[in-house]
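Structure at a glance
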Amino acid sequence: MFAAGCDVGSLTSKAVIMKDGKIIESVIIKSKARPWESADEVMNIALSRAGLTMKDIKSCVGTGYGRDKISFIDEAVSEIACHGKGARWLVPSVRTVIDIGGQDCKALRLDDKGNMMKFITNDKCASGTGRFLEVMAKVMHLNLDELGEMSARSKQPITFASACTVWAQADVIQHLNDKVPIEDIAAGVNNAMASRMSTLANNIGLEKDVCMTGGVAKNNGVVNALEKHLGIRIKRIRREDPQLAGAIGAALFAAEKAGGGAK
Amino acid sequence: MRKETREYKFDWMLWTTFAAAARLKSGTQKEYRAILKYIPYFNRMVDALLGTGEPGQKFIEICAKYMENLTFAKEKGKKTAITTFCFSPAIFYAMDIVPICLEVLSVMMTFVYKRGTAEFLDYCNEVGFTETSCSSQRGTIGAYLAGIGSDVDMFVTDTPGVCDTNANAFSFAAAYLNKPFFQLDMPPDLTGLRSNEYHREDFKALIRFLEEQTGKKLDSERLKENLRELARQDEIIAELEDLARLVPSPVPVPYNLMVYASRFLFAGMPECTGVLESMLKVARENAAKNISGLSGGVEKLRAFFCYIDHYAQNMQLWQMLDSNGICYQGNILSHFWSHNAPHVAHYHKEEAAYNINMANTDALIDSLSMINSRMPMIKSIRGPYDAPNMWLEDTLGLAKLYNADFIVYNGTPGCRNTWGMVKLLARDTEKAGYPTYIMYADAFDARVQSWEATEERFMEFLKVRRLV
Amino acid sequence: MMKEFLEASTALNNKHVTKWKKNGKKVVGYTCSYVPDEIFHAAGILPFRIRGFGATDITIGDTYFGPFICSLPKCMLQLAGEGKFNFLDGAIITPGCDSMRRLDECWRKAGSDVPGVLPPFFFHFGVPHKYSDYTIKWFTEETRRLIAAVEEHFKVEITDADLKKSIKLYNYSRRVLDRFEALRTLDAPPFSGEEALAVILAGTTMPREEYNALLEKFIASAEKSSGIKDRVRLMLVGSANDDVGMVRVMEGGKALVVADNLCFGSRFYTDQVGENGDPVFELSKRYLGHNDCPRMYGDYQRRLNILEQKVEKAKIDGVILQNIRFCDLHGAENGLFERDLEAKGIPCMRLEREYGPLVETGRMKMRVDAFIERIQQRRTIA
């Protein structure tokens, strides 16, 4: 029985097709301006790669900001619930999920059955989000992935004077002009991000195991910095790309609704 | 919060820091210079204060004493009260309660720590306190909420009606830690029969509360002693304020800070008087020689800060002013409105000032309630800003009295009551002929706007307005 | 009938106000629920609750208020500056909180820049921050001061007898609203939270006699309704909300807001005014004493108890603790509520938002949806 999940975000859109609890296809694309266009494209790519059509999918759940606009879904579920569900499938021992997306970040606590206990979100400001990293990377002429490996080589990370993305940009330019090593600036950026995120995470309380989902989970620099700030180990997601957590959760919800259990 | 921060009680650490700083000049000058290298994050603060000679030395000593008092209060069997800078501690000292003034502790940490109070500010958010609240309380209350400070027995504030964010921080912390709480409430008017009566009844209720908390009755003789000392302090402050009217002002730039900080910490106690006397000696000497209090000796500009200072690391605001030949002509924090203050007589504001009457217990309590209701901000930030005796009147009056060339507003993003109308104030002061600069920084949190950016914009204002 | 309530709650200068003014009568606006309506009623003046609903822009608000200020008074000033409150013959400003307190000088300054936008009667009405014998005394004197000022400016006389009559009428109104409140908390409430808010808001914009009549008709018909079943039951707590649209977004067809502790909600109408003795004193006692607002510092425990009682009485599934950005009072107290209610097993969700045009519905909806999903997950286990 095929079930599918579609997660339409501000920066990327993801689709996951599962069969009897196993992922058979997954796709990540850059989001378009309109959420329904992103949804159509990412699902079509996934279907064609799997050699399927939409008719073969017994149930499909959509999530993410654009979820209500997706035409082919049977139901929309919040991305908080989907990230929780997906994280649990990826790491069965998870109790705390931290997700840093393109335009918001959230922390979520699960009980031992994987049900949502508490969640907190913060998106009144770009500082704790993927957007912050994007902006900084651009100023430094780096790719987002380079930001992580650069910071690992830092001996003396800079401390950002300002929590604000706009001001921090000016600070980065200043540091570049002062010939501060790029690794140190990159490390400073990751630390600033982690610091902001850790305040949020501490608000709901941390319980092991702690995992990160979303695109930023792939940035080792931020993950390491966050571990340091939180004083707790973050279990890396290795089963699949952590950015797929939302879409995986959506697919799992879809499977449940269609009557199939998911492992 | 980092693990290291949790290892020691933060107020104990502040005590040892200031106690050590107080001993810095006990060796040779060479030893002193060598030690400064080992305290990179506050060597300039220490140098700026000790550079003023005896006043700075005494000031650091009383800071250490204050921290020692609260660190060992429990051991000595005394109760502690978390309080605010605009609450005169005279009543606490009279009742043998050790005050813990949140904002002054925040300033101490912003002066000496590399990260200022950042960790404690963030901790407040973690336990559910709102991020937008004023950083002056948040910076210290975070440590107490995290349980890494001395034992706290009660919370006492007098800012309802004046400053919500302050009162709210006290209310939250008291509820969070489940401790007794008392508020002195401020009506919108300062003077008049109704306000006087309200202040009086409220203060009596405060005394009942404190007696209940300590199990001891208010000792009138002890209170008289405190008020006599307070009166002595008022005389010295009045003379210092008068001397500051001279051109050039013989009062060194850091003196304003030492005047108000000493009073916030030790009103009515000899510790404060000692610092004031020391400052007066130097100011009188300078005045006699007709020399400027600035270290460069040349007075180029006179600045009046209508609100508070910027407490960025290492006392950088004072150093910026001093090095640019700008003398500091006061702010809202250094005026206590004693009946003998120069501005009271000059503007015939006797009704707005306080008198100390020790005829009987009732008169004593009345005096105390008046002293409290005339504290900085409590006096002038209630009701509309342009009402009689309120902020606009005070700002223009003081700026004029001290021949200010320009006015500066600096506060914090959490300051709801001033951000609600500072643009209006600036319009009025500009109209009155004072170039007015509104700073968008946070006095207690350099992460909002770095000191470098703050200084740059400040100097830019002076250039654009052709003041330099 | 609901159309009537909706119109009254979303249109400034609605038909009740225009009719009132056409008859040559006066309207006085007030910003805060501490102002005793009865005073104006006794003077033959229509008391009108000033709100910021309907502002589509905030440039005038931003001109006078600095940044870092909650958008509620900014929106009020915006409307005033655009002349939308020109129908008011007077305005009462109270220090509900610092941001609201500053509406006084900001509005006056705007009035000196834009002729006609400042009402001719403009009064700063002080309110103590605690409840005790000397604060009630002061507040009684303040209320007398307000009465004297109204009498002088509007050339009316407000006798104790007039006040007592008005108190009686408003008390009756409060009893009717109690019946209305009881309907909200039924197992199958006859109307949604959005509709409930419209009904409550309407009462702040029209003459009390007309409102009572409408309300009674509404209750009579609602009592016959079979009600809305199978929804997640929410309680809304926190900063002022006068936008029925926001409640609609939160309810989203899956939930019902069956209780609240809001300034534009039940806080506004609970508790009677004593009908014997000095009417000014009785008004002061009730208005100062009943208001469960975090501006009454040190009273957290009592407010927590009230919430707990409501949760039990209305069979609440979850509590939404919302605050307007920069609202320190509600923003902080919501943190305490969350800690203490969650500890008792009551699901809570904190939400920070802007006051003004409803633009961030997607973000809000996502969070409320997640909260509802969390509650439903709990239900399936239980």
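With that settled, consider the interface of chain B and chain C. At the interface, 41 residues of chain B touch 38 residues of chain C. If you list the elements that add at least two residues to the side of chain B that touches chain C, you get helix 10 (164-177), strand 4 (181-183), helix 11 (193-214), helix 19 (416-419) and helix 20 (422-431) of chain B. Here the residues of the side of chain B that touches chain C sort into 21 nonpolar, 12 polar and eight charged.

For the rest of this paragraph, the subject is helix 20 of chain B. All names here are of chain B. All buried positions along helix 20 are accounted for by Val422, Leu424, Leu425 and Thr429. Angular distribution of buried residues about the axis of helix 20 spans 155 degrees; they occupy a single face of the element. Turned more than 90 degrees away from the buried face of helix 20 sit Glu430 and Lys431, all of them exposed. Of the residues trailing helix 20, glycine 433 is marked for its positive phi of about 100 degrees.

In the predicted model, chain B carries a mean pLDDT of 95, and 100% of its residues have values of at least 70. On the interface metric, ipTM, the complex scores 0.95, and its pTM is 0.92.

Moving on to the domain arrangement of chain B. All names here are of chain B. Under the domain assignment, chain B is made up of domain 1 (3-190) and domain 2 (221-464). Here the C-alpha centroids of domain 1 and domain 2 sit 20 Å apart. The interface of domain 1 with domain 2 comprises 52 residues on the first partner and 53 residues on the second. Only helix 4 (43-50), helix 5 (54-71), helix 6 (90-94), helix 7 (102-112), helix 8 (118-126), helix 9 (135-145) and helix 10 provide two or more residues apiece to the side of domain 1 that touches domain 2. Take the side of domain 1 that touches domain 2: its biggest share by element is eight residues, from helix 5. Partitioning the side of domain 1 that touches domain 2 into residue classes produces 30 nonpolar, 15 polar and seven charged.

A separate point is the interface of chain C and chain A. Taken together, the 12 residues of chain C in the interface contact 12 residues of chain A. The element that contributes the greatest number of residues to the side of chain C that touches chain A is helix 17 (residues 361-381) of chain C, accounting for 10 residues. When its residues are assigned to classes, the side of chain C that touches chain A shows three nonpolar, two polar and seven charged.

In this section: the packing of helix 4 (residues 144-152) of chain A against helix 6 (residues 182-204) of chain A. All names here are of chain A. The interhelical angle for the contact between helix 4 and helix 6, taken along N-to-C directions, is 110 degrees, at an axis separation of 7 Å. Compared by their axis directions, helix 4 and helix 6 come out roughly perpendicular. For the pair helix 4 and helix 6, the sense of crossing is left-handed. Residues Leu147, Met150 and Ser151 of helix 4 lie in contact with helix 6, whose contacting residues are Ile182, Glu183, Ala186, Ala187, Val189 and Asn190. When its residues are assigned to classes, the contact of helix 4 with helix 6 shows six nonpolar, two polar and one charged.

What follows deals with the sheet that holds strand 1 (residues 27-30) of chain C. Strand-to-strand pairing in sheets goes through backbone hydrogen bonds, with the strands running parallel or antiparallel. All names here are of chain C. Strand order in this open sheet of four strands is 2-1-3-4, and the pairing throughout is parallel. Only two strands of the sheet have a single partner each, and these edge strands are strand 2 (46-49) and strand 4 (121-124). In this sheet, neighbouring strand axes are inclined to one another by 20 degrees on average, regardless of whether the strands run parallel or antiparallel. For strand 3 (residues 90-93) and strand 4, the ladder comprises four bridges, and the chain directions are parallel. Counted as the bridge partner of isoleucine 93 is histidine 124 from strand 4.

Quick look at the sheet that holds strand 7 (residues 105-110) of chain A now. All names here are of chain A. Strand order in this open sheet of five strands is 8-7-6-9-10, and the pairing throughout is mixed. Unpaired on one side and paired on the other, strand 8 (116-122) and strand 10 (234-235) mark the two borders of the sheet. In this sheet, strand 8 lies alongside strand 7 in antiparallel orientation, the contact comprising six bridges. When the bridges of strand 8 are listed, cysteine 105 appears paired with asparagine 122.

Two quantities define a packed helix pair, namely the angle between the helix axes and the distance between the axes. Residue and element names in this part refer to chain C. The geometry of helix 9 (residues 160-184) relative to helix 14 (residues 279-289) is characterised by a closest axis approach of 9 Å and an angle of 40 degrees between their N-to-C directions. In terms of their interaxial angle, helix 9 and helix 14 are classed as oblique. The segment helix 9 lies against helix 14, with Asp160, Leu163, Lys164 and Ile167 engaging Pro279, Val280 and Leu283. Residues belonging to the contact of helix 9 with helix 14 are distributed by class as follows: five nonpolar, no polar and two charged.

What counts as what
- Residues numbered from 1 in each chain as written.
- Chains lettered and ligands numbered in written order.
- Predicted model: local features only at pLDDT ≥ 70, side-chain atom pairs only at ≥ 80, totals over all residues.
- Contact = placed C-beta atoms within 7 Å.
- Helix = DSSP H or I, 4+ residues; strand = E, 2+ residues; numbered from the N terminus.
- Nonpolar A, V, L, I, M, F, W, Y, C, P; charged D, E, K, R; others polar.
- Buried ≥ 20, exposed ≤ 12 C-beta atoms within 10 Å, placed from the backbone.
- Arc of directions from axis to C-beta.
- pLDDT = per-residue confidence, 0-100.
- Domains from an automatic or database assignment.
- Axes fitted to C-alpha atoms, helices over the stretch in contact; angles between N-to-C directions.
- Parallel < 35°, antiparallel > 145°, perpendicular 65-115°, else oblique.
- Left-handed = near helix turned anticlockwise from the far one by under 90°.
- Pairing = 2+ DSSP bridges.

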